[in-house]
Amino acid sequence: MGTMTAKRPARRGTRTPGHAAPPHKLSWRAKARRDWPLLVMNLPMLLVVLAFWWIPALGNVIAFQDYNPYTGGITGSPIIGFTNFALLFQDPQFLRAMLNTLSITAFQLVFYFPVPIMLALLLNSIVSARLRAFVQGVVYMPYFFSWVLVVAIFQQMFGGAGLLAQILRDNGREAVDWMTNSDTFILLITSQTIWKDAGWGAIIFLAALSTIDPNLYEAAAVDGARRWRRMWHITLPGLRPVIVLLLILRLGDALNVGFEQFMLQRSAVGSEASEVFDTFVYWSGLRTGDLGYGAAAGLFKGLVGLLLILAANRVAHTLGERGVYSRS
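Residues numbered from 1 in each chain as written. Predicted model: local features only at pLDDT ≥ 70, side-chain atom pairs only at ≥ 80, totals over all residues. Heavy atoms only, no water.

The name an unreviewed UniProt entry gives the protein is Sugar ABC transporter permease, with Nonomuraea diastatica as the organism.

In structure tokens:
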């Protein structure tokens, strides 16, 4: 008779087959030894960010000073605490600029943000490679135009002496100057942004579409799923991480709706409709010489953007997405 050997119970602390070891939290020194090639590779960019971003950002201290660059400078100007911020929130022009900025951001978030996604889906559905390359080149091209050229093109199309006005006059209709109408200014700048930037924004979504496994579409087609159902259950879930990431970045950049685009059209529609944070900082800080007051407005804009990024990233983690960053 053969001898039977009884199984020994596994010792405490030893791993049994099929059971993974609990994750071990590495110290910062272990992480540095592991990732030192990546750190060295990023060192030049970190130095550039330090020299041209973080060190100049220390100049925000003038927001808490009665700053005068000609007499005291940063070291000699008196500290006045939050006086600039208190004056800021009592300024009706600042409140109007904040309201305009938030309104434009919310409007473009609804009517502009989905456009690059839809454009990427349309470009991805073009079967002919040559036709797809031609269409991509056409929709990408406006991104490389300056805002001066974009506003000039829209002026020639929708201005009082533009093409649309001439067609209306030739047909006995009253011409409309869309370029000077403050009531429709938000529609105008959103249309300009879509025409200029939507093609370039579609590049990221096209790259995300290329990572989706084609076998998923084939399996869904075999199961009888039509095009819309395949897009809803395969394409959009594949794009969801990128959509969430760009949405978070867009919210963080919510108060930065642009400077040149609004400055070029400020005189045509007036400051009531075109005053935003960037133009307010320019007119109230740089043009008047009150740099501490302008710095307070810029610092407030940056802090609000940071809070929006942190809040949106927390919501992304709640929904199961990685977001902009996550703790390792």
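Draft legend 1. How the structure looks around the UniProt feature "transmembrane region" (unreviewed entry) in the protein. In the UniProt entry, the feature "transmembrane region" (unreviewed entry) is given for residues 36-55, 67-89, 101-123, 143-165, 234-252 and 291-312. End C-alpha atoms of residues 67-89 are separated by 19 Å, and the span's content is 48% helix alongside 0% strand. For residues 291-312, helix accounts for 100% and strand for 0%, while the C-alpha atoms at its two ends are 32 Å apart. (UniProt positions renumbered as here; feature names shortened; annotations may be inferred. Helix = DSSP H or I, 4+ residues; strand = E, 2+ residues; numbered from the N terminus.)

Draft legend 2. Structural context of helix H14 (residues 277-286). Listed as buried for H14 are Phe277, Asp278, Thr279, Phe280, Ser284 and Gly285. Next to the buried residues of H14 lie helix H3 (83-89), helix H4 (92-111), helix H12 (260-269), helix H13 (271-274) and helix H15 (291-318). (Buried < 20%, exposed > 50% of the residue type's maximum accessible area, 1.4 Å probe, protein only. Contact = heavy atoms within 4.5 Å.)

Draft legend 3. Geometry of the nonpolar core. Among the nonpolar cores identified, the biggest contains 21 residues, and Ile117, Ala120, Phe205, Leu206, Leu209, Leu239 and Ile243 are the most heavily contacted of them. Every residue in contact with leucine 206, bar those within four places of it in the chain, is listed here: Ala120, Leu123, Asn124, Gln136 and Tyr140. If you look at the next biggest cluster of nonpolar residues, it comprises 14 residues, including Met179, Val257, Val269 and Ala273. (Core = buried A, V, L, I, M, F, W, Y, C linked by side-chain atoms within 4.5 Å.)

Draft legend 4. Here's a closer look at the environment of glutamine 156. Note on placement: glutamine 156 falls in helix H7 (residues 147-158). Counting along the chain gives 23 residues from glutamine 156 to methionine 179, while the straight-line C-alpha distance between them is 9.8 Å. Excluding its chain neighbours within four sequence positions, the residues that come into contact with glutamine 156 are Gly162 and Leu163.

Draft legend 5. Molecular detail of helix H9 (residues 185-210). Across its 26 residues, H9 extends 37 Å between first and last C-alpha, which sits within 8% of the 38 Å expected from 1.5 Å per residue. At aspartate 197, H9 shows its largest kink, close to 50 degrees. (Expected span 1.5 Å × (residues − 1). Bend = angle between axes of the 7 residues up to and from the residue.)

Draft legend 6. Region of interest: the packing of H4 against helix H11 (residues 227-252). In the contact formed by H4 and H11, the axes pass within 11 Å of each other and the chain directions differ by 165 degrees. Taken together, the axes of H4 and H11 are roughly antiparallel relative to one another. For the element pair H4 and H11, the recorded crossing hand is right-handed. Across from Thr105, Gln108 and Leu109 in H4, the residues of H11 making contact are Leu247, Arg250 and Leu251. Counted by class, the contact of H4 with H11 contains 3 nonpolar, 2 polar and 1 charged residues. (Axes fitted to C-alpha atoms, helices over the stretch in contact; angles between N-to-C directions. Parallel < 35°, antiparallel > 145°, perpendicular 65-115°, else oblique. Left-handed = near helix turned anticlockwise from the far one by under 90°. Nonpolar A, V, L, I, M, F, W, Y, C, P; charged D, E, K, R; others polar.)

Draft legend 7. Structural view of the UniProt feature "domain: ABC transmembrane type-1" (unreviewed entry) in the protein. According to UniProt, the "domain: ABC transmembrane type-1" (unreviewed entry) feature falls on residues 98-312. A helix fraction of 76% and a strand fraction of 0% characterise residues 98-312, whose end C-alpha atoms lie 20 Å from each other.

Draft legend 8. Structural detail: the packing of aromatic side chains. Enumeration according to the criterion identifies 20 aromatic pairs in this entry. Pairing phenylalanine 64 with phenylalanine 82 gives two aromatic rings, centres 5.5 Å apart and planes at 90 degrees, and the pair type is edge-to-face. Within this pair, whereas phenylalanine 64 is found in the loop between helix H1 (28-57) and helix H2 (73-76), its partner phenylalanine 82 is found in the loop between H2 and H3, the two being separated by 18 residues in sequence. Both rings, one in phenylalanine 94 and one in phenylalanine 277, keep their centres 5.4 Å apart while their planes meet at 70 degrees; by these two values the pair is edge-to-face. Of the two residues, phenylalanine 94 is situated in helix H4 and phenylalanine 277 in helix H14; the sequence distance between them amounts to 183 residues. For phenylalanine 94, a relative accessible area of 0% translates into the label buried. Here phenylalanine 277 falls in the buried class, since its relative accessible area comes to 1%. Among the aromatic residues, those joined into a cluster by ring pairs are Phe89, Phe94, Phe277, Phe280, Tyr293 and Phe300. Here the basic side chain of lysine 196 rests over the ring of tyrosine 143, its NZ or CZ set 5.3 Å away from the ring centre. (Phe/Tyr/Trp six-rings, centres within 6.5 Å; stacked < 30°, edge-to-face > 60°. Lys NZ or Arg CZ within 6 Å of the ring centre and 35° of its normal.)

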